[in-house]
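Observations on the three-dimensional arrangement
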Amino acid sequence: MQSINLYQVEIKEKVVLCLNQILQLGAVLVALLFLSTLYELYGYYSLQKEFNSLNANQKDLSLGLDHAQKKVVSEQDKKEVASKVSILQNSLREKEQMYYTLTTLQHGDEKGFHQYLKALSDNNIPELWLTHFYLGTNGSHISVSGKTVSPNKIPELIKKVGEHESFKNIVFEVFNLEKEDDDSGVISFKLETIQ
Amino acid sequence: MLVLSKLFNKKEDVDVAPGFLVLTYSSHGLSIVACKRLLDGTRKAEVVDISFIDREISGSYNSEEHILETMVSDLSAYVKEKGFEGYDSVVVLSSDEYVIKMIEKPTAENNEIKNALKFSIQDFVDYGFDNTIVDYVDLPLQRRSDSSSLVFAVCMPKDNMEKIANIIEETGLRPFCIDIPEMSKMHLFNYIYPTESMAVILHIDVRYCQVMVLYNGDMLVIRSIDLGLSVESDNEDWEEVSLEVQRSIDYAGNIFGQQIQSKLYVFPTKESLERGLSFISYDLGIDIEGINLDEQIDYIEKFSDNGQDIDILAIGQVSKVEIIKEEHDAVN
């Protein structure tokens, strides 16, 4: 038979429970509650056990910490030690420098005085003689003093010394010339680089 | 889990209301047929009351307001007074609230046909796909075997359906069914003439006429004529009605290959319309049989004062329940 119904909505069917079903449902809920409580108790027991274990570990760690703290030096001690270390390091650096210098001198290293002495001794100029010289470390400061009866020999000395490899880049910037008081005609001179 | 599944899978009896009210309405008022279900274990119901609530239109008439809304307080009072709270309601729409079209049945799965029909019927409505409620009835197969199946698709705006449902709930009734007048008339005819295999029916209303062709109890053709007939109607009007009846008969014969008996059933029967009906009978050469509800339906006279008018639709819905009950008994 043909039939039309334009009332079209989703009608939710009501769930009607009788007393017996309500009691059954209640029993199921109580059982679930009981199981849930048991599970909670088991969880509590496990947590308590773990808590005790952690407490024991904490005690052991506290003892170890006390022991370690005794070994740790104070801040003041650290500063003193650091100061001593700094002093010792400076002393070590000086000793190393001294050791280096001495070793260089001992072995005639090219970086020592040998090359300068050789350059000065290689130039034998008549009527001129050297009386004093000073060489700084690695030629940092050079001072040469001498005497002559012929002042015109001094430029020859400068020229010859300058031709030597060791004096190539050295410029004498102080030049003193002084006549002796004893009328011997000897003139003192001094060549010096500025430090 | 087993216990729970047993609990909730247990079959419950369907929540059946103690009765139902059929509500039909027009601008004049609301017709109510109240039925109470018998306590004999069947779903059969008996009519316990037929009432009519006059519609009073106040000065501040709101055209957007649904007709039922204007009578909701009276209906609520009626339901409360009669003790009909919790009863189901069957609402028969007025003719301007829905659209009915004969269209091709979509080739889709049964559960998708309504959605497919929503698309098909959008050409005839303007309230949008999502706001459309559709139901349909199948028509008999056409005479040509290569032709597709046809259906009568009925649709209405979803918001109107919800509005009606809300009004019904407000009165204390339960929304159960929303039907259309054509189906009410069909059910009424099938109740009165259960053995008639082929019939042409003319329903005459003060506002319009409707010609329906039934085949084995199913609707085959519906043609509406926008013409109210009365004692003042002239021959030209009756000739137009006559023409539509002939067209309907021809259509049923051509499309469905059904030969119509030479009889026209008419309701309601009124002496004032006899002249016009005689004109149709003479014009088409067929007999006219008036359906007199006072004689055919025993409870009409008992309850109703105006049983030949708007109550027809409500009584048609009551008849549907009777028909369904009888079919149910026949199957069992």
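Residues numbered from 1 in each chain as written. Chains lettered and ligands numbered in written order. Predicted model: local features only at pLDDT ≥ 70, side-chain atom pairs only at ≥ 80, totals over all residues. Heavy atoms only, no water.

Attention shifts here to the pairing of strand β1 (residues 19-25) of chain B. Residues and elements named next belong to chain B. Burial runs high along β1: seven of the seven residues are buried. With burial as the criterion, each face of β1 is covered, one bearing Gly19, Leu21, Leu23 and Tyr25 and the other bearing Phe20, Val22 and Thr24. The hairpin turn running from β1 into strand β2 (residues 29-37), its antiparallel successor, is three residues long. Bridge count between β1 and strand β4 (residues 88-92): five bridges; the pairing is parallel. Residue pairing for β4: Phe20 is matched across the bridge by Asp88. (Buried < 20%, exposed > 50% of the residue type's maximum accessible area, 1.4 Å probe, protein only. Helix = DSSP H or I, 4+ residues; strand = E, 2+ residues; numbered from the N terminus. Pairing = 2+ DSSP bridges.)

We now examine the packing of aromatic side chains. Residue and element names in this part refer to chain B. Under the counting rule described, the total for this entry stands at six aromatic pairs over all chains. A centroid spacing of 5.8 Å and a plane angle of 55° characterise the contact between Tyr78 and Phe84, whose relative ring orientation is tilted. The residues Tyr78 and Phe84 share a single accessibility class, namely buried. An angle of 50° between the planes, with centres 4.8 Å apart, marks the rings of Tyr193 and Tyr265 as tilted. Highlighted residues: Tyr193 in the loop between α5 (181-192) and β9 (198-204) and Tyr265 in strand β12 (residues 263-267), separated in sequence by 72 residues. (Phe/Tyr/Trp six-rings, centres within 6.5 Å; stacked < 30°, edge-to-face > 60°.)

Another point: helix α2 (residues 72-82) of chain B. Residues and elements named next belong to chain B. Among the residues making up α2, those that are buried are Val72, Leu75, Tyr78 and Val79. Relative to the axis of α2, the buried residues are bounded by an arc of 125° and lie together on one face. Turned more than 90 degrees from where α2 packs its buried face, Ser73, Lys80 and Glu81 sit exposed. For α2, the secondary structure elements touched by its buried residues are β1, β2, β3 (45-54) and α4 (158-170). Remark: Gly83 follows α2 within two positions and exhibits a positive phi of approximately 75°. (Arc of directions from axis to C-beta. Contact = heavy atoms within 4.5 Å.)

Another aspect to go through is the confidence of the model for chain A. A residue-level look at chain A finds 89% of positions with pLDDT of 70 or above and a mean pLDDT of 83. When pLDDT is averaged over each element of chain A, helix α1 (residues 19-71) of chain A comes out on top at 92 and helix α3 (residues 114-121) of chain A at the bottom at 78. (pLDDT = per-residue confidence, 0-100.)

As a further point, take the pairing of strand β4 (residues 187-192) of chain A. All names here are of chain A. When you tally the buried positions in β4, you get five out of six residues, the bulk of the element. Inspection of the sheet shows strand β3 (residues 174-179) paired to β4 by six bridges, in the antiparallel sense. Across the sheet, Lys179 pairs through a bridge with Ile187, a residue of β4.

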